[in-house]
Amino acid sequence: MASNPVPPDAGARPSPGMILERLARGATRAARITHTEHLPPRIGSHADWPEQIRPEVIDAIRSAGIDRPWAHQARTSEHALRGESVVVATGTASGKSLAYLAPVLSTLLDGSEAPNGRGATALYLAPTKALAADQRRAVRELAAPLGTAVRPAVYDGDTPVEEREWVRQYGNYVLTNPDMLHRGILPAHPRWSSFLRALRYVVIDECHSYRGVFGSHVAQVIRRLRRVCARYGSEPVFLLASATAAKPAEAATRLTGLPVVEITEDTSPRGELVFALWEPPLTELHGEQGAPVRRTATAETADLLTDLAVQGVRTVAFVRSRRGAELIALIAQERLAEVDRSLPGRVAAYRGGYLPEERRALERALHNGDLLGLAATTALELGVDVSGLDAVVIAGYPGTRASLWQQAGRAGRSGQGALAVLVARDDPLDTYLVHHPEALFDQPVESTVLDPDNPYVLAPHLCAAASELPLTEADFALFGPAAAGLMPQLEAANLLRRRARAWHWTRRERAADLTDIRGQGGSPVQVVEEGTGRLLGTVDAAAAHTAVHDGAVHLHQGRTYLVRHLDLADSVALVEEAHPPYSTTARDTTAIAVLETDTEIPWGDGRLCFGSVEVTNQVVSFLRRKLITGEVLGETKLDLPPRTLRTRAVWWTVTEDQLDAARVNPEQLGGALHAAEHASIGMLPLFATCDRWDIGGVSVPLHPDTLLPTVFVYDGHPGGAGFAERAFHTAADWLTATRDAIAACECEAGCPSCIQSPKCGNGNDPLHKRGAIRLLGELLRGVPEQA
């Protein structure tokens, strides 16, 4: 760590190469950089605004310092003004917001001059509250010269009740999120009738984030919006913005149900980006089954954030978990206090679950430069304009290349050079990537995976649609081919009732409450301080068993709490402040049953299958691990109820002959299958837009349904999320990369970098590294040529 602090914000900014050179000083530090990628600066290409853009809007844009648009901004505006839905999928900081704001503001200005009515309106959807709040600020600044013609207003769960009526009556650019559209706006559409009647544009920002179950839910919410708009005589144009993505028009069409034009050529300039891959060193410690342990990405990122703050380098460290964000900020603050007592207050944590006023204060402090460093979850990833950042540290591969570039792009947004550092976690995928940089830098970003026809997703939205306006057969085309087949089931469940030619919602409760569109499986669990009754925050229901079980360590705003009791009936976790020298990790057990096999492909004597399964999971204990080192201190049993999940899975089987050919004897079989399962789960995010925590796996030496040794990988969401299906279609490449990753690891018998899993319910026992390599090699020898 640097010993002589550079006064923050003083003097000229150092180049990204110079910042990295300072971080890498010392023999041990330099050895941690496995690869450095230099992305050169790019010159921009201008165009003229379309003639239909009002001159007042062009003048307002010029007042903001933008004389002419980039070519992709002008092209996006042209399509929007022609009434064509369009997705602009260009790099971070390429001006996507202005591409859709120019036509929207021009149309709102036209509408303000209408002799009757309220004029045109527009709706903006963001995946996070932070992004909506940031966009309102940006729109207010840009549209200030237009006076009251543009009235931006946020309408979300944080909007005070007294403001909501004003938004409905007078706001003409309403910024919200899919959750509020689902629960608040569509069920109350008569109160929004004048707004919806005049709705000309729907902006869907950061649309690549709508993937998996969440994306599937949002796709159905958008179809409900289109249906209600048609009831009031409007047919809005959809304007979508995405980070660079594969086949963006295809994904946008799947999301909206409409034909969408794509703009993918990025004509904006870009400053130099230096991107370093960083592998923490091995420690002298040993983990489960005596495996060597690397220094954690959390500890390494905290060191880097500390060093960057000491240099006066404005930095965001992106962390995958809420607890990790809190821990990194806490460690950095403690280390900064040893250098300069003025510095700890300039580093903080930012995550979901904070109270609204806490989030807003942190966003302001980061934006105006009061904060030098922020350890943040992806709650801050999406589009929040934090101009002036010099560096981004990414603690662990975020799951997709799209997210990786999205996070890296948070730095250098004012056009200056920037540094990005990916710090590898001790797991198969991260280890593979830092030693195979071509998998990051020479490959296109992934396609967005979502499945609006998932019956677990579609059914509650049909109920919600029926409660908004009675459903008719004419609506089925809008909701997709599976809609008609679900109606008898919804009638049998007494959720819908057919009267004459339409289906009606029959219950007193709100139909929108049937589902949580984030796929979180119920109401969030409230985290309450036992002694005072103070609400600290919330935890998703699906994560409660693992995150706030009895005895769990819970971090909030830099303070550490112990969970005294998790009350599942009342969705409350009672905690008290404490200072344990450890963290906690839940352990679980899983069983799986095949319900239906949709597709089966011979791989030699083996089989590759895809279909429906039922998974039974139970959290049974938790480990206590030393902070920083991760050393296991002990295990405590838990008594929590099992959970059952019906979902989609990919699985493969092998025969006795294949086991003989792979030289895997019965004593090695369980460990070989288990190791292959762990590694394949770790590698799947390279081939599907998922996180390893979105998927699960089971390996069985003799499964009762297949009667063969079998490895399953399944979607961790009811009805599936499309990840297992993607795994099935890319299985040859996926399992080849899995075998290669295990074989390339330097450990002797298996470690967290290859076959050990942080969420294994069996304590990573048994595992057999060499057996897994031979087994996968034999399986892959049977891959059909067309695969």
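Just above sits the structure.
A quick note: this is a predicted structure, and the numbers were derived from the prediction, not measured.

### With respect to the sheet that holds strand E5 (residues 173-176)
Stage number 1. With parallel pairing, seven strands are arranged side by side in an open sheet as E4-E5-E3-E6-E7-E2-E8. What marks the edges here is a single partner per strand, and that holds for strand E4 (152-154) and strand E8 (261-263). The average angle at which neighbouring strand axes cross in this sheet is 20°, direction not considered.
Stage number 2. Pairing of E4 with E5 involves three bridges; the strand directions are parallel. What sits directly across from Ala153, in E5, is Val174.

### Remarks on the side chain of Asn617
Stage number 1. With respect to the helices, strands and loops of the structure, Asn617 is situated in strand E25 (residues 606-626).
Stage number 2. A polar contact of 3.0 Å, which involves the side chain of Asn617, links it to the side chain of Thr590.
Stage number 3. Among all residues touching Asn617, those that are not within four sequence positions of it are Asp588, Thr589, Thr590, Pro642 and Arg643.

### Focus on the environment of Arg646
Stage number 1. Of note, Arg646 is situated in strand E27 (residues 643-653).
Stage number 2. Between the alpha carbons of Arg646 and Phe479 there is a distance of 22 Å; along the sequence they are 167 residues apart.
Stage number 3. Apart from residues no more than four positions distant in its own chain, Arg646 is found in contact with Tyr456, Leu595, Val613, Glu614, His717, Pro718 and Gly719.
Stage number 4. There is a polar contact of 3.0 Å between the side chain of Arg646 and the side chain of Glu614.

### Here's the deal with the nonpolar core
Soluble globular proteins tend to pack their nonpolar side chains together in the buried interior.
Stage number 1. Core analysis: the biggest nonpolar cluster contains 120 residues, and Phe275, Trp652, Leu684 and Trp734 have the highest contact counts within it.
Stage number 2. Broken down by element, this core gets its largest block of residues, eight residues, from helix H23 (residues 666-683).
Stage number 3. In this structure, Phe275 is in contact with His35, Thr36, Glu37, Ile394, Leu404, Trp405, Ala408, Ala420, Leu422 and Phe441, ignoring residues within four places of it in sequence.

### Some thoughts on the sheet that holds strand E19 (residues 525-529)
Stage number 1. Reading across from one edge, E20-E19-E23-E22-E21 is the order of the five strands in this open sheet, with mixed pairing throughout. Each of the sheet's edge strands pairs with one partner strand only, and the pair in question is strand E20 (535-539) and strand E21 (553-556). Strand-to-strand twist of the sheet, defined as the mean angle between neighbouring strand axes without regard to direction, takes the value 35°.
Stage number 2. As paired strands, E19 and E20 are joined by four bridges and run antiparallel to one another. Looking at the pairing, Gln526 lines up with Thr538 of E20.

Analysis parameters
Residues numbered from 1 in each chain as written. Predicted model: local features only at pLDDT ≥ 70, side-chain atom pairs only at ≥ 80, totals over all residues. Heavy atoms only, no water. Pairing = 2+ DSSP bridges. Helix = DSSP H or I, 4+ residues; strand = E, 2+ residues; numbered from the N terminus. Axes fitted to C-alpha atoms, helices over the stretch in contact; angles between N-to-C directions. Polar contact = N/O pair within 3.5 Å; in protein donor to acceptor, adjacent residues only side chain to side chain. Contact = heavy atoms within 4.5 Å. Core = buried A, V, L, I, M, F, W, Y, C linked by side-chain atoms within 4.5 Å. Buried < 20%, exposed > 50% of the residue type's maximum accessible area, 1.4 Å probe, protein only.

The values reported here are purely geometric and, on their own, carry no functional implication.
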